[in-house]
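Listed below, chain by chain, are the residues.
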Amino acid sequence: MTLPKYLQKRRQGFYAVLEIPKALRQIFDNKARFIQSLETREQRVAEKRLPIVIARWKDQLEQAKGTYDPANGILWEVIEWRKAIETTTDEISKEVAEGLAYEWVEKLAVKEGVQAAQEAVGVIFHNVQPLTANFDDWTETIKHLNPKTQALQKNAVKDLCEKFKTTADIDKNSVKTYLSMLRTEKELSDKTISLRLTFIRSFISYMDDKYGTDLLPLFTVKNLARTSTAKTVKQRAWVPFAAEEVSRLHQAALDKKDQPLADLIACAAYTGCRIEELGQVKTEHVSEQGLRIVDSKTAAGIREVPLHPALKPLMDRLRASSKDGFIIPGTDEGSFGKRSAALGKRFGHLKTKLGFGEQHVFHSIRKTVVSQLEQAGVNENTTADIVGHDKPRITYGLYSSGASVKQKAEALSQVTYGGSLGIPV
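Residues numbered from 1 in each chain as written. Predicted model: local features only at pLDDT ≥ 70, side-chain atom pairs only at ≥ 80, totals over all residues. Heavy atoms only, no water.

Undergrad: Hey, could you run me through the pattern of salt bridges in this one?
TA: Any two side chains of opposite charge can pair if their charged atoms end up close together. In total, this model carries 12 salt bridges according to the counting rule given. In this structure, Asp-258 and Arg-346 form a salt bridge, with 2.7 Å as the shortest nitrogen-oxygen distance. In this pair, Asp-258 is assigned in the loop between α10 (243-255) and α11 (259-271) and Arg-346 in helix α14 (residues 341-353), connecting sequence segments 88 residues apart. Residues participating in the shared-partner salt-bridge network are Arg-274, Glu-277 and Arg-303. (Salt bridge = Lys/Arg side-chain N within 4 Å of Asp/Glu carboxyl O. Helix = DSSP H or I, 4+ residues; strand = E, 2+ residues; numbered from the N terminus.)

Undergrad: Explain helix α3 (residues 91-112) here, please?
TA: Spanning 22 residues, α3 covers 31 Å between terminal C-alpha atoms, matching the ideal 32 Å at 1.5 Å per step. Listed as buried for α3 are Ser-93, Val-96, Ala-97, Leu-100, Ala-101, Trp-104, Val-105 and Leu-108. Residue Gly-113 follows α3 closely and has a positive phi angle near 105°. (Expected span 1.5 Å × (residues − 1). Buried < 20%, exposed > 50% of the residue type's maximum accessible area, 1.4 Å probe, protein only.)

Undergrad: Looking at this structure, I do not really get the nonpolar core. What am I missing?
TA: Proteins that are soluble and globular tend to have nonpolar side chains buried together. One finds Ile-265 and Ile-365 to be the most contacted residues of the largest nonpolar core, which totals 45 residues. Elements that contribute at least two residues to this core include exactly α10, α11, β4 (290-293), α13 (312-321), α14, α15 (363-375), α16 (380-387) and α18 (405-412). Ranked by the residues each element gives to this core, the list is headed by α11, at 9 residues. Residues in contact with Ile-365, not counting those within four places in the same chain, are Phe-241, Val-246, Ile-265, Ala-268, Ala-269 and Phe-347. By size, the runner-up hydrophobic cluster in this structure holds 32 residues, among which are Leu-18, Phe-34, Ile-54 and Leu-100. (Core = buried A, V, L, I, M, F, W, Y, C linked by side-chain atoms within 4.5 Å. Contact = heavy atoms within 4.5 Å.)

This is the structure:
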């Protein structure tokens with residue numbers, strides 16, 4: 001009996017086989033073809049199971065031809081499995097689809113961990129809705145707004161989607177914790193958080209209407225009430241890395257051959273700059289004396305930071321090798337103008353792999369610099385001028401032109417690290 005296309009008989013069983021185009025193989029771990037057992041010796045049964053498997057593979061290939069994003073690849077596959085089950089009307093084929101989906105979840109648990117597998121089961125089998133998968137459709141509903149408002153809303157919702165993977169993660173306590181995090185860790189004012197809530201409610205309302213959920217009442221200003229004590233706020237706030245920990249992060253980035261991330265860590269370690277401040281520094285902003293910060297979240301952040309002696313060789317290399325006029329490679333496409341977004345995510349993965357928790361973030365390096373300056377006895381106003389903080393006293397804050405470049409350079413020279421970060425090149 002002639003076998004249908006994509007179906008092969010091997011030994012005593014039947015297999016689905018689909019060749020992967022050479023141009024796409026790198027995305028699929030350099031595999032030349034998809035191969036999967038159809039778990040039967042009967043051709044009639046194999047032919048019923050075959051279309052489900054082949055359709056999923058073909059969808060993956062079409063996705064790969066477009067804008068394939070490895071970070072969203074798992075979520076995309078989860079949704080494809082749910083679609084395969086929901087659109088299958090034949091009971092036997094549906095059981096096959098569910099069985100294959102469970103096999104995929106088992107492999108996911110081995111590869112990505114139990115939590116990822118549990119989230120996948122919720123989406124595939126229990127009508128839990130992933131937030132990120134609805135982002136693009138929601139953006140279509142706000143296209144009537146001006147571009148700036150659209151960007152602000154997208155930014156707020158994108159941040160929400162990073163915190164809450166699915167609707168199952170959203171409850172009263174998790175929302176309160178999230179709003180408290182915006183205040184204590186991201187250092188947003190209550191006014192800014194209230195504005196964010198307005199943007200987030202637009203997205204949550206869309207989800208409620210689409211899926212019949214009732215999440216909107218959770219995202220209210222009432223949940224922004226100051227219920228935290230000083231002790232709990234301090235426990236949740238970001239904490240500085242020790243100097244040797246920053247060196248370990250730098251070495252780990254080098255070991256992963258992620259030179260841009262290693263360079264970013266080094267620049268932050270010797271300047272105390274915020275991540276996006278460094279992302280916006282152009283080669284023209286760098287001189288032998290220091291670097292000018294021309295884009296910052298506050299007026300005090302617009303400043304000149306002296307060039308630490310240990311940083312000079314690295315800065316020379318970055319200026320000479322720049323391909324786009326910036327010292328740190330990046331892109332603002334899809335990140336709402338933040339060139340450092342991708343590097344920030346890679347730092348998050350790196351520090352987590354090294355065992356650091358939620359209280360340690362990239363901003364913690366900035367706190368490391370401030371801590372070293374304080375421990376060296378540097379005047380608080382000088383430190384504020386270096387890192388771009390408002391002055392703690394009204395006289396200096398309103399009437400002083402700030403510390404001189406020489407004063408700041410002398411203070412910053414007391415910041416030191418060991419290992420690969422001693423003199424990063």
